[in-house]
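Letter by letter, the chains look like this.
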Amino acid sequence: PRIWTYVVMRLKECLDDYLAHQQQIEACFAFCVDAYVKNGVKKDRGGKAGRHRNPFNKTSSGKTGKRAAYLGPFADTASRFGIRGVLERWVGGPEGGIDIRQFTTYLSLIQYAGLADVLSFTLMRIEEGVSIRKNCLVWHGDAVYGRIPLIRAETTKTDPDENALWITSPSVEAAIRALNSVAKMRLSSVGQWRDADNPHLINHAVEPWGKPKKAELGLRPGIRNFGEVVTTFPK
């Protein structure tokens, strides 16, 4: 119980910090995506050509060798949007330095933190948790106990069910909010977010400065075990 309590409290601290800066994070993400698009980063993102058009790289150049727009170090942009401290607190390098790659690392951390929180308060299996979608949180009205939160997802047990329900704690609402925010940013950056489709909340990193080859093939992301997550995100 002591270890479990410590873990869920750290998850809460991480997710609360994200939600407290959600508007600034989303605004910074939109600014960065727009900057990459204006520099001509499309299908070349993640490759050598994409790196040359990085608006936060002083040696950037355009398609014909013409200099692309340079906006200064990404750390300056993060400071301007008020999120540099958040990034350094959770994913900053050994010397506190951050670049655009740390932004992607941070968003992936929030996905894992949100997923771990949902698993902690539902006892879902990892494969089941990965299947949660935008509208997974359902509030059931009970005459005796009031509003009861449920998580709807796909079960992997002996009787498969695409709309199985897990009773949970009201506290997971924060995790779902954070997961919705990250998923909407990422999928919207490549035109794949549609509310009516009830999209998955756990996705590949598909931002223009990443390497979204698996996502482009329609493959669902593989999920690391808890030990690997802690090693990858030591803070």
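Residues numbered from 1 in each chain as written. Predicted model: local features only at pLDDT ≥ 70, side-chain atom pairs only at ≥ 80, totals over all residues. Heavy atoms only, no water.

(A) Layout of the sheet that holds strand 2 (residues 146-155). One open sheet accounts for three strands, arranged 1-2-3; its pairing is antiparallel. Strands at the two margins of the open sheet, each flanked by one partner only, are strand 1 (137-142) and strand 3 (161-167). If you compare each strand with its neighbour and ignore which way they point, the axes differ by 40 degrees on average. The pairing of strand 2 with strand 3 spans five bridges and is classified as antiparallel. Among the inter-strand pairings, alanine 153 is bridged to a residue of strand 3, identified as alanine 164. (Pairing = 2+ DSSP bridges. Helix = DSSP H or I, 4+ residues; strand = E, 2+ residues; numbered from the N terminus. Axes fitted to C-alpha atoms, helices over the stretch in contact; angles between N-to-C directions.)

(B) Quick peek at the environment of leucine 201. The residue leucine 201 is located in the loop between helix 8 (172-188) and helix 9 (213-216) in this model. Taking the C-alpha atoms as reference points, leucine 201 and leucine 115, 86 residues apart in sequence, are found 9.1 Å from one another. Dropping the residues within four chain positions of it, leucine 201 is found in contact with Gln111, Ile132, Arg133, Lys134, Cys136, Ile176, Leu179, Asn180 and Ala183. (Contact = heavy atoms within 4.5 Å.)

(C) Looking closely at unusual backbone geometry. Although it is not a glycine, leucine 123 sits at a positive phi angle of roughly 65 degrees. Counting through the fold element by element, leucine 123 comes out in the loop between helix 6 (100-120) and helix 7 (126-129). Of the residues examined, leucine 123 reaches a relative accessible area of 73% and is grouped as exposed. If you check the backbone angles, asparagine 198 has positive phi at about 50 degrees while not being a glycine. Its location among the elements puts asparagine 198 in the loop between helix 8 and helix 9. (Buried < 20%, exposed > 50% of the residue type's maximum accessible area, 1.4 Å probe, protein only.)

(D) Region of the structure containing the confidence of the model for the chain. Considering every residue of the chain, the mean pLDDT works out to 87; 86% of them sit at 70 or more. When pLDDT is averaged over each element of the chain, helix 8 comes out on top at 97 and helix 3 (residues 48-52) at the bottom at 55. A low-confidence stretch, residues 43-47 (pLDDT under 50), is modelled with 15 contacts involving residues beyond four sequence positions or located in other chains. (pLDDT = per-residue confidence, 0-100.)

(E) Seen up close, the packing of aromatic side chains. Applying the stated criterion to the full structure yields eleven aromatic pairs. Pairing tryptophan 4 with phenylalanine 121 gives two aromatic rings, centres 5.4 Å apart and planes at 70 degrees, and the pair type is edge-to-face. Pair noted here: tryptophan 4 is in helix 1 (residues 2-20) and phenylalanine 121 is in the loop between helix 6 and helix 7, with a separation of 117 residues, a long-range link. For phenylalanine 121, a relative accessible area of 24% translates into the label partly exposed. (Phe/Tyr/Trp six-rings, centres within 6.5 Å; stacked < 30°, edge-to-face > 60°.)

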